[in-house]
Structure formats: C-alpha cells, structure tokens
Amino acid sequence: MVNNSRFIKWVQRGVALIFCLFSIVTSAQKISKFYTSSLQANGMLYFFKPQKGFAGSGSHGKLINDVTLFAKSDSLTFNFSYFDKTALQLEQISFVSATHTITVPLQKLYVETKKNNWHYRYSARLLQKSLQLFYASDKIPGIILQTNQGEILLSVSKRQWQKIAGRNRRLFTLVALN
Amino acid sequence: MKNLKMFSIAAVAAVMLSSCAMVKSPLSAVIYTDVKGPVAVTGNSGSSKVGTAKATGILGILATGDASIDAAAKNGGITKIHHVDEHATNILGLFATYEVIVYGE
C-alpha cells in the first residue's frame, strides 16, 4: 500500500514535470523561430519565415508572406502566396496604413491549384523603410491586391496585427543591428 | 459480441496511444525537438533568394505537405541552388514539422 502511494506520487511528479517543460517550450515567444540567416559575400542574408494574418472576405482567401533581405541593402523581396476561388491576374500590391500607402508592381512566380482555390505565388521588391513604416503602424492597416478584375482588400484582426507588427519590428531591429 | 466490442475498443486505444509523430532530423528527443541541419551544397556561387517548403504531422496519424527541394525553390523563385538546410520540430510526439530551406539565385 505504501509502495503504491509512493509510485503514484512519482508518476504525478513526472506528469507535472512534462507539462511544465511543455508549457515553457510553447509559451516562449522567441523571434528566433521566425527567421533564418546566412552569411554571404555581400553581407548577412535574412529570411523572415512565412507568416499569415491578412485575409479577404467572401470568396477571397488568405495571404501568406515571407521576406528576404540583406542587412546592408535598402530594398527587400516580399514573396507571398494568395489563395482565391476566382481566376485572376495580380498586377500590384498596396500596403495601406493610416499615414502611408506604398504601391509596388508584382512579378509572378507561379500559379497552381490547391483544393478548390487558385494558389497565386507572386513577388514584389520594395524599400526596407517602406515595410518598416507599415509594421510601425499601431492602427490596423490593410493590404490591397490590384487585379485584372478590380481591387481585393485583405484585412487582419487587431489581436493578430499586434502579434505580427511586434514580431516584425523586432526582426527589423535585429537586421539593423547587423 | 461484448468481447468483440471490448477487443475493438482496446485495439483502437492501443493504436491511438502508441502512435506518435516522428520527423526526419539529425537529432531527436522524446519531449521536444527543434533542430536544424544540412541537406545539400552545390557548386553554384552566392545566394540572394530563399525559399521554404513544409510538411506537418499530427499524432503520427496524419501527415501532409510538400517539403521537397523543388517546392521550396519554386516558392523562392530560385533557379540556381546554392545550399539546402532542413529544420525539424517535434513536441512530445504529438505535433511534428519538417521544413526545407533552399538558398540560391
């Protein structure tokens, strides 16, 4: 009986330890998991891993973007996947915040199908400062895709924007420190 | 009939409880894995583009995604590959991801 209660206590301690470790691992909001870097001849190359948040309404789907930039460069590459039920030609992307609107042309990487949606993969070049200004906005901004069938407004929830903006501000600070 | 029902429940429970998500990784651990490693290096010089592709697994029961080098290169608009890395994560064998990261031009 005594042995049984000891065994149960040890099992309880083991389970508690596993849950503690699990909660530490999952609650740590480190930015290290959101980027990779690689040392190149012309400086440190940074890659902000794919992140989602912006999405359209109705038949318009979500946007998932990643960012590639050199620490010592003025510009960056903004690659994104956009999912939509409609067959489209994307032409331009606009980053619309309370104080600034930045519009840049798009270059198509590929178009594929994913389930019932079209998967559009496009690339845009813009200034690092422009994207920094976008992420510096406290008010919720929007992204507008200009297509051959009109404009598509992509929005984000306040909670998600706080996460995305905070993360990207830290990532750009990291790049600036290098 | 009752025995058969009990046996079926026991068999399903055994499958559910014994399965865990496994992921290809240079090192792996029971509680938590978050490991990067090399996949390939080519003779091409320099990288200015990066592309990733990811596959995920849940409980060792479901696994989906395209984590091929080709998918990652396409996502980054890369035609000349410089090197390829991998990034594997696994939490308690419940949730696993495998990501391929391609660098190139």
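The structure presented is a predicted model; accordingly, all values stated were derived computationally and were not measured.

Definitions and cut-offs
Residues numbered from 1 in each chain as written. Chains lettered and ligands numbered in written order. Predicted model: local features only at pLDDT ≥ 70, side-chain atom pairs only at ≥ 80, totals over all residues. Heavy atoms only, no water. Helix = DSSP H or I, 4+ residues; strand = E, 2+ residues; numbered from the N terminus. Buried < 20%, exposed > 50% of the residue type's maximum accessible area, 1.4 Å probe, protein only. Contact = heavy atoms within 4.5 Å. Areas by Shrake-Rupley, 256 points an atom, 1.4 Å probe, with all protein chains shown as cover. 1 Å grid on protein atoms, 1.4 Å probe; cavity = no way out; pocket = protein on both sides within 12 Å on 5 of 7 lines; lining within 4 Å. Points joined across faces, edges and corners; volume = space filled by probe spheres on them. Nonpolar A, V, L, I, M, F, W, Y, C, P; charged D, E, K, R; others polar. Pairing = 2+ DSSP bridges. Phe/Tyr/Trp six-rings, centres within 6.5 Å; stacked < 30°, edge-to-face > 60°.

**Comments concerning the overall build of chain A**
When you go through chain A residue by residue, the secondary structure sums to 3 helices and 10 strands. Start at the N end of chain A and walk to the C end: the helices and strands fall as α-β-β-β-β-β-β-β-β-α-β-β-α. A total of 178 residues make up chain A; the buried ones form 42% of that total. A sequence separation of at least 24 residues applies to 57% of the contacts in chain A between residues at least 6 apart. As displayed, chain A has an accessible area near 10400 Å², and 56% of this comes from carbon and sulfur atoms.

**Things to note about the layout of surface pockets**
In this structure, the second largest pocket encloses a volume near 310 Å³. Taken together, 21 residues line the second largest pocket, and the ones lying closest to its centre are Thr-77, Ser-123 and Arg-125 of chain A together with Ser-48 and Lys-49 of chain B. When residues of the lining of the second largest pocket are traced back to their parent elements, those giving at least two are strand S3 (60-70), strand S4 (75-84), strand S7 (107-114) and strand S8 (117-127) of chain A together with strand S2 (49-58) of chain B. With 4 residues, the single largest contributor to the lining of the second largest pocket is S4 of chain A. Of the residues assigned to the lining of the second largest pocket, the class counts are 9 nonpolar, 10 polar and 2 charged.

**Digging into empty space enclosed by the protein**
Residues and elements named next belong to chain A. What the rule picks out here adds up to 1 cavity of 30 Å³ or more. Estimates place the volume of the largest cavity at around 80 Å³. In terms of lining, the largest cavity is formed by Gln-51, Lys-52, Gly-53, Phe-54, Leu-63, Asn-65, Phe-78, Phe-95, Phe-134, Tyr-135, Ile-143 and Ile-164. Among the elements of the structure, strand S2 (43-55), S3 and helix H2 (128-136) are those that each provide at least two residues to the lining of the largest cavity. Sort the elements by how many residues they give to the lining of the largest cavity and S2 lands first, with 4 residues. Class assignment of the residues belonging to the lining of the largest cavity gives a composition of 8 nonpolar, 3 polar and 1 charged.

**Concerning the pairing of strand S5 (residues 95-104) of chain B**
All names here are of chain B. Summarising burial for S5: 9 of the 10 residues are buried, a large majority. Of the strand pairs in this sheet, S2 and S5 are connected by 10 bridges, and their pairing is antiparallel. Paired with Lys-49 across the two strands is Gly-104, which belongs to S5. Judged from the 10 bridges that link them, strand S4 (residues 81-91) and S5 form a sheet pairing that is antiparallel. Across the sheet, Glu-86 pairs through a bridge with Val-100, a residue of S5. The antiparallel hairpin formed by S4 and S5 contains 3 residues in its connecting segment, where Leu-92 sits at a positive phi of about 55°.

**A word on unusual backbone geometry**
Residue and element names in this part refer to chain B. If you check the backbone angles, Leu-59 has positive phi at about 60° while not being a glycine. In this fold, Leu-59 is placed in the loop between S2 and strand S3 (62-65). Even without glycine at this site, Leu-92 takes up a positive phi of about 55°. Secondary-structure assignment places Leu-92 in the loop between S4 and S5.

**Section: the packing of aromatic side chains**
Residues and elements named next belong to chain A. One pass over the structure, following the stated rule, counts 13 aromatic pairs over all chains. Here the aromatic rings of Tyr-82 and Tyr-120 are separated by 6.3 Å at their centres, their planes lie at 20°, and the arrangement is stacked. Linking Tyr-82 in strand S4 with Tyr-120 in strand S8, this pair joins segments that are 38 residues apart in sequence. Judged by its relative accessible area of 1%, Tyr-120 is buried. Among the aromatic residues, those joined into a ring-pair cluster are Phe-48, Phe-54, Phe-78, Phe-80, Phe-95, Tyr-122, Phe-134, Tyr-135, Trp-161 and Phe-172.

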